[in-house]
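Observations on chain architecture
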Amino acid sequence: MDAQAEESFREFVANRSSALLKTAVLLSGGDRHAGEDLLQNALIKVAGRWHRVEEPEAYVRQVLYRQQVSRWRLKWPRREVSVGRPPETGTDADAVAAADLRLVMRGALARLTARQRTVLVLRYFEDLPEADVARLLGCSVGTVRSTTHRSLARLRAVAPELAALGPAGPRPVGNPSPLEVRS
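A brief report on the enclosed structure follows. (Residues numbered from 1 in each chain as written. Predicted model: local features only at pLDDT ≥ 70, side-chain atom pairs only at ≥ 80, totals over all residues. Heavy atoms only, no water.)

Secondary structure summary: the protein chain contains 8 helices and 0 strands in total. Listed N to C, the secondary structure of the protein chain is α-α-α-α-α-α-α-α in terms of helices and strands. A total of 183 residues make up the protein chain; the buried ones form 37% of that total. A separation of at least 24 residues holds for 66% of the contacts in the protein chain among residues at least 6 apart in sequence. Per element, the accessible surface of the protein chain, about 11300 Å² overall, is 53% carbon and sulfur. (Helix = DSSP H or I, 4+ residues; strand = E, 2+ residues; numbered from the N terminus. Buried < 20%, exposed > 50% of the residue type's maximum accessible area, 1.4 Å probe, protein only. Contact = heavy atoms within 4.5 Å. Areas by Shrake-Rupley, 256 points an atom, 1.4 Å probe, with all protein chains shown as cover.)

Okay, structure coming up:
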């Protein structure tokens, strides 16, 4: 990699790594360390092809998704995450409710299979259409639809408390909460 390409890559990583890390952590079931590993491996792969990449963020995200698919196939055991102290220390009621929602959602997502979690992250966090999710995961649109349906049903079953913790206000049309989607 020449100096100009290296500088371009470093700038991209500095500017976009936090957004990419959020996606990687969600794909990893809320495990920050696994998400960091996933992102780091994706960036290593992209660095070797940097001079040929036209849309860097889209390319890195595709590498993230495909690496996660590879992890499903390896059937790695789930690891339990232990923390020394709660992530939020504020007393603001909204901040506490938001932290509760994140914790419940993290726990609920961790109870899904890696495939179910990835489909939900791509559909609702990344807001990708079914056709794009199918293309990224190398499956049919019907598989994405059925996996989404089963994943949402499982999410509702393992965490019914999410409905009570969700935002009270109406959501914009066309952007429903995953828990509001009824197939």
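Applying the stated criterion to the full structure yields 6 salt bridges. With a closest N to O distance of 2.7 Å, R16 and E57 form a salt bridge. One end of the pair, R16, is in helix α1 (residues 3-27); the other, E57, is in helix α3 (residues 56-74), and 41 residues separate them in sequence. Relative accessible area serves as the criterion here: at 29%, R16 is assigned to the partly exposed category. Among the charged side chains, a network of salt bridges with common partners joins R16, E57, R61 and E126. (Salt bridge = Lys/Arg side-chain N within 4 Å of Asp/Glu carboxyl O.)

The next thing to look at is the side chain of T23. Note that T23 resides in helix α1. T23 gets classed as buried once you look at its relative accessible area, which sits at 0%. Residues contacting T23, with those up to four places away along its chain left out, are R61, Y65, F125 and E126.

Attention now moves to the packing of aromatic side chains. Scanning all chains against the criterion turns up 2 aromatic pairs. For the pair F9 and W50, a centre-to-centre distance of 5.0 Å together with 75° between the ring planes defines the contact as edge-to-face. Of this pair, F9 sits in helix α1 while W50 sits in the loop between α2 (32-47) and α3, placing them 41 residues apart in sequence. What makes F9 buried here is its relative accessible area of 13%. Considering the side-chain rings of F12 and W50, the 5.4 Å spacing of their centres and the 45° angle between planes classify their relative orientation as tilted. Here F12, found in helix α1, pairs with W50, found in the loop between α2 and α3; they are 38 residues apart in sequence, far enough to count as distant. Three or more aromatic residues link up through ring pairs in this structure, and these residues are F9, F12 and W50. (Phe/Tyr/Trp six-rings, centres within 6.5 Å; stacked < 30°, edge-to-face > 60°.)

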